[in-house]
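These are the residues of each chain, in order.
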Amino acid sequence: HVTENSTEETNDNKNNNETNNRNTSNENINQQQEEVTLNYTAKVGTDTLQDGDIVKSGEIIEYEVQITNNSDEDITRANVTITIPEGTRLIEVNQEYDDDIASNNNEGGNYWIEKEDRQIIQNDLSIDKKATIRYKYNIRAINTENANIESKVTLEYGESKTQTKTISNTLQ
């Protein structure tokens, strides 16, 4: 009888070990890094915005898109589309303003230029293997109503592969 119990325990331990090995194997598969990683962040000043955070009218939001090619192959013909949310304006630094400041010839003017564009599109990008590209842009919150602003970036690459990231904030 003791021998039987001992054998059963051995079989149970063997089954547990097989189950643990399968679980470890599945965890390793799940931990494999994606071919391409798309990160999307937003900041007001030095504060990083999280989904649902409040943005005030007039504040400037800096977005950063970061695309990392984790594969051992170059990626070609990648397309990035950034949607500028309603209630905001895409803004760029006024280069003339910067030139005036540098030459101490500032006759006034605006540091930021508002653009009418509702999308930023970058087509046919190439991303070297194991490389990261970054793209930053700024928007100004202009709507004073309580509204949801949703900024979205879409990355298309390879054979119909698509990744999308969205950041939603409340505008007051």
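Bear in mind that the values here come from a model prediction, so they are computed numbers and not experimental data.

1. Digging into unusual backbone geometry
And step 1. The backbone of Arg 77 sits at a positive phi, close to 60°, despite the residue not being glycine.
And step 2. Assignment of secondary structure puts Arg 77 in strand β5 (residues 75–83).
And step 3. We note that Lys 130 has phi near 60°; this positive angle belongs to a residue other than glycine.
And step 4. Mapped onto the secondary structure, Lys 130 falls in the loop between β8 (119–127) and β9 (132–141).

2. Examining the sheet that holds strand β2 (residues 47–48)
And step 1. Read from one edge to the other, the open sheet built from six strands follows the order β2-β1-β4-β9-β6-β7, with strand pairing classed as antiparallel. Single-partner strands in this sheet number two, and they are β2 and β7 (112–115).

3. Some remarks on the pattern of salt bridges
And step 1. Per the counting criterion, the structure on display carries seven salt bridges.
And step 2. Measuring nitrogen to oxygen at the nearest pair gives 3.4 Å for the salt bridge that ties Asp 72 to Lys 130. You can see Asp 72 sitting in the loop between β4 (60–69) and β5 and its partner Lys 130 sitting in the loop between β8 and β9, a full 58 residues away along the chain.
And step 3. Of the charged contacts, one joins Glu 114 and Arg 89 as a salt bridge, the two residues approaching to 3.9 Å between their closest N and O atoms. Of this pair, Glu 114 sits in strand β7 while Arg 89 is found in strand β6 (residues 88–93), placing the two residues 25 residues apart along the sequence.
And step 4. Assessed through its relative accessible area of 23%, Arg 89 is described here as partly exposed.
And step 5. The network of salt bridges with common partners includes Arg 89, Glu 114 and Arg 140.

4. Notes on the packing of aromatic side chains
And step 1. The tally for this structure, following the rule as stated, stands at three aromatic pairs.
And step 2. With centroids separated by 5.6 Å and ring planes inclined at 25°, the aromatic side chains of Tyr 40 and Tyr 63 adopt a geometry described as stacked. Of this pair, Tyr 40 sits in strand β1 (residues 36–44) while Tyr 63 sits in strand β4, placing them 23 residues apart in sequence. Here the two residues Tyr 40 and Tyr 63 agree in accessibility, since each one is buried.
And step 3. Pairwise contacts between aromatic rings join Tyr 40, Tyr 63, Tyr 135 and Tyr 137 into one cluster.

5. Concerning the confidence of the model for the protein chain
And step 1. Mean pLDDT for the protein chain: 79, with 72% of residues reaching 70 or above.
And step 2. Looking across the protein chain, the model is least confident in helix α1 (residues 2–31), with a mean pLDDT of 43, and most confident in β2, with 96.

6. Description of the pairing of β9
And step 1. The sheet contact formed by β4 and β9 spans nine bridges and is antiparallel. Of the residues in β9, the one forming a bridge with Glu 64 is Lys 136.

7. Describing the sheet that holds strand β3 (residues 54–55)
And step 1. Within the open sheet, the five strands sit side by side as β3-β11-β10-β5-β8. Their pairing is mixed. Only two strands of the sheet have a single partner each, and these edge strands are β3 and β8.
And step 2. Summarising the sheet, β3 and strand β11 (residues 161–171) pair through two bridges and their orientation is parallel. Note on β11: the bridge partner recorded for Val 55 is Leu 171.

8. A short note on the side chain of Glu 64
And step 1. Mapped onto the elements, Glu 64 comes out in strand β4.
And step 2. A polar side-chain atom of Glu 64 sits 3.2 Å from a polar atom in the side chain of Arg 134.
And step 3. The residues contacting Glu 64, other than those within four sequence positions of it, are Asn 39, Tyr 40, Thr 41, Arg 134, Tyr 135 and Lys 136.

9. Section: the pairing of β1
And step 1. Only one face of β1 is covered, namely the face carrying Val 36, Leu 38, Tyr 40, Ala 42 and Val 44; the face carrying Thr 37, Asn 39, Thr 41 and Lys 43 is uncovered.
And step 2. Two elements, β1 and β4, share eight bridges in a ladder whose sense is antiparallel. When the sheet's bridge partners are listed, Leu 38 is paired in β4 with Ile 67.

Scoring rules and cut-offs
Residues numbered from 1 in each chain as written. Predicted model: local features only at pLDDT ≥ 70, side-chain atom pairs only at ≥ 80, totals over all residues. Heavy atoms only, no water. Helix = DSSP H or I, 4+ residues; strand = E, 2+ residues; numbered from the N terminus. Pairing = 2+ DSSP bridges. Salt bridge = Lys/Arg side-chain N within 4 Å of Asp/Glu carboxyl O. Buried < 20%, exposed > 50% of the residue type's maximum accessible area, 1.4 Å probe, protein only. Phe/Tyr/Trp six-rings, centres within 6.5 Å; stacked < 30°, edge-to-face > 60°. pLDDT = per-residue confidence, 0-100. Polar contact = N/O pair within 3.5 Å; in protein donor to acceptor, adjacent residues only side chain to side chain. Contact = heavy atoms within 4.5 Å.

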